[in-house]
Each structure stands twice: as structure tokens, then as C-alpha cells.
Amino acid sequence: MLAENGRVPPFLVIGTPMTQTVFSCHCPSYAKRILKDSTMATANHQVVSLKLSKNVLEVICYQDAVIKWRENKSMSLDNVLVTNVIYSDAKQGERATDAAIKEAGATEAEAIQEILTRGHVSLSTQERRRRVEEKKQEIAGFLHNNYLSNTNSIVPVARILAAMDQVIGLKIDPFIEASAQAPGIVEMLEKKDIILLHPGGIEGSLSVPYSAVSKLQATAVKIGVNFLGDGEYTSTGWSVKFSVNPKGVDQLMSLLESLCKGEYECTLSSGAVEQVEETNPGKKNKSKGKKK
């Protein structure tokens, strides 16, 4: 706080009228230190930092709030930001200049949105390790649900995790979607000759009675089943070839059982059934219907 003549006044008042604290501030550097310390980040906060071409901009957020905000942008920033001040160094309480802020956005509000969206979130070593492990599990689940082995078989999650553990220095970003990181990890696993994976669906063929055709056609698409062609109508029902992503195999079998009450035939590509059963150990085989 400076007087009109540019000098620091003899007293500096901090706080609201009800909670004002008066400091003797004959020393300008001491006055600045008081202003800085009153807004510095603490251990209970997270600093979100955005590196630009010329500047670094930071904001102070409540613990885990920015992660929740990224998942739900309708969340009020009052529940995200400890203060709407933009810093060049939040830990030291040093505020960013107007010129630096304009590099991220035309206004402070736009700059804050940019920092929260693209900025790096500081985490403790323990917290980062936990989040990386969670994201690793999520990536393995995504690969299991959407990728097949080189023999077009479903790959169990445990096998994918074991393969990832063999890659020295594997980098997993806890804040990037699993679907975005999966292709790079698949490429690395192939490069290291650990496991070959490719996106795609399991192909097969099925035959169902007429009574189940309309409901099957309407529902199967919702679980990721693609019918290959129009199929063939016979005297007893409908036969068609299909493709389904690994995640949808069990759902398709449950749907067929529900609609056909065991009166259906379903043949999957070679090796797929064994992998399905390996992925779901202890699951009882269906007594009705035919799954080859």
C-alpha cells in the first residue's frame, strides 16, 4: 500500500474493518514481505502452474479441487480457488504482472481458466504415487476393454499390468485420460517386444429365433455390437455375423440368454472364449444356449 507520493505510509492496515491489524511499516521491504506472506500457499493447498513462452503463471487452489473442477466445469470457482490472485511464484507470494497475465488471456478471468485447464498440479510424492497407480489400473482396464492380442483374443487385466511393469521408466500422467495414454503405451509394449495389442473387436456369428430379432437388433448396438451385413433369415430365425469389443462379450451373452432363454447359437473367433473365461475366473458357464 503506497501513499500518493509513492512512499510507504508509516502504518499498514491488513484485514476487514472488524479484523484490522496495524503494522508499523517504515521499511518498504518489510511492508512488501507482509503483503506477500499473507497470501502464500500452504501445505493444505495445491499450486497449479502454467508455463508459457515468456512467463510462469500460478494460482492457489484447495486440495484436489482443480481435479474435481476439470471433471465438472460447472463447479463454482469459489470452491476451487483459495484466492483469485495470479502469481508468478505462489510459494513466495509474488504476484504476476499484467503483461504476464495477458499472455494467457485477455482478462484475469480468462487467464485463470487457462491456468486451471492446462496447468500442472503440484502433488506430494505420496499423493502422486497413489494417483499414478490408480491411472495405471484405469489404463489397463481400458486396454482390456478395447484392445485384443495378436491372436485376436481378450487380454486379462492382470496380464496387461504385468506387461506394463516390465517397461522401465514407463511414464503415466495421472491427469490425462486413459484413452489418450493407451496408444503410446501399446506402442511402447510392442517396441519392447513384451506384448502385441491392437484395437478392434472380436468377430463371431450367431443365430436367434424370430421372437428375439427385433429386441436384439435394437439393444445390441448399445453394448458395442456391430452386425456385419444384413444376415440371413431362415425358417427358424435369423443368422448373422458380428463384431463386438472385448468389453461387450459378456454383455452380449447375457443379452442373448435373456432374450432367447437358451435357444440361440453364438460362435466367437478362435481363442476368444478361453480368454473370456480366464478373465472371469470362477464364473459359471451358462447351461443354456450354445457358445462355441
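Residues numbered from 1 in each chain as written. Predicted model: local features only at pLDDT ≥ 70, side-chain atom pairs only at ≥ 80, totals over all residues. Heavy atoms only, no water.

*Asks:* Give me the overall build of the chain: which residues, what numbers.
*Replies:* Counting its secondary structure elements, the chain contains 10 helices and 14 strands. A total of 292 residues make up the chain; the buried ones form 36% of that total. Taking contacts inside the chain between residues at least 6 apart in sequence as the whole, the part at least 24 apart equals 60%. Of the roughly 17300 Å² that the chain leaves accessible, carbon and sulfur atoms contribute 50%. (Helix = DSSP H or I, 4+ residues; strand = E, 2+ residues; numbered from the N terminus. Buried < 20%, exposed > 50% of the residue type's maximum accessible area, 1.4 Å probe, protein only. Contact = heavy atoms within 4.5 Å. Areas by Shrake-Rupley, 256 points an atom, 1.4 Å probe, with all protein chains shown as cover.)

*Asks:* Quick one: what's the story with the packing of helix α5 (residues 125-146) against helix α6 (residues 157-165), residue by residue and with numbers?
*Replies:* Where α5 contacts α6, the axes come no closer than 9 Å and their chain directions differ by 125°. In terms of orientation, α5 and α6 fall into the oblique class. In the crossing of α5 with α6, the sense of the turn from one axis to the other is right-handed. Where α5 abuts α6, its residues Lys136, Gln137, Ile139, Ala140, Gly141, Leu143 and His144 lie against Val157, Ile160, Leu161, Met164 and Asp165. (Axes fitted to C-alpha atoms, helices over the stretch in contact; angles between N-to-C directions. Parallel < 35°, antiparallel > 145°, perpendicular 65-115°, else oblique. Left-handed = near helix turned anticlockwise from the far one by under 90°.)

*Asks:* Mind laying out helix α7 (residues 178-191), listing which residues take part and the relevant values?
*Replies:* Here α7 is 14 residues long and its end C-alpha atoms lie 20 Å apart, about the 20 Å a rise of 1.5 Å per residue gives. Residues of α7 that are buried include every one of Ala178, Gln181, Ala182, Ile185, Val186 and Leu189, and no others. Summarising the contacts, the buried residues of α7 are in contact with α5, β8 (147-149), α6 and β9 (197-199). Immediately beyond the C-terminal end of α7, within one or two residues, lies Asp193, with a positive phi of roughly 55°. (Expected span 1.5 Å × (residues − 1).)

*Asks:* So what about the packing of aromatic side chains? Which residues, and what values?
*Replies:* For the coordinates displayed, the defined rule picks out 4 aromatic pairs. Note on Tyr210 and Tyr233: the rings are 6.3 Å apart at their centroids and 5° apart in plane angle, and the pair reads as stacked. Pair noted here: Tyr210 is in helix α8 (residues 210-220) and Tyr233 is in strand β11 (residues 225-233), with a separation of 23 residues, a long-range link. For the pair Phe227 and Trp238, a centre-to-centre distance of 5.2 Å together with 70° between the ring planes defines the contact as edge-to-face. Here Phe227 is found in strand β11, whereas its partner Trp238 is found in strand β12 (residues 237-244), with 11 residues between them in sequence. You can call Trp238 buried: its relative accessible area is 2%. (Phe/Tyr/Trp six-rings, centres within 6.5 Å; stacked < 30°, edge-to-face > 60°.)

*Asks:* I'd like a description of the pattern of salt bridges, backed by residues and values.
*Replies:* Between side chains of opposite charge, a pair can form when the charged atoms approach closely. By the definition in use, this model includes 7 salt bridges. Between Arg118 and Glu114 there is a salt bridge, with its nearest N and O atoms 2.6 Å apart. On the criterion of helical spacing, the pair formed by Arg118 and Glu114 is a turn pair, its members being 4 residues apart in helix α4 (residues 108-118). Residue class for Glu114 comes out partly exposed when judged on its relative accessible area of 25%. The salt bridge involving Arg131 is made with Glu127; its shortest N-O contact spans 2.8 Å. In this pair, Arg131 and Glu127 both sit in helix α5, 4 residues apart, roughly one turn of the helix. A single salt-bridge network, built from bridges that share partners, covers Asp64, Glu127, Arg130, Arg131 and Glu134. (Salt bridge = Lys/Arg side-chain N within 4 Å of Asp/Glu carboxyl O.)

*Asks:* Explain the environment of Leu259 to me, and be specific about the residues and the numbers.
*Replies:* Note that Leu259 resides in helix α9 (residues 249-260). Overall, the relative accessible area of 24% leaves Leu259 in the partly exposed class. Taking the C-alpha atoms as reference points, Leu259 and Ala212, separated by 47 residues in sequence, lie 5.7 Å from one another. Setting aside chain neighbours within four positions, we find Leu259 in contact with Ala212, Lys215 and Leu216.

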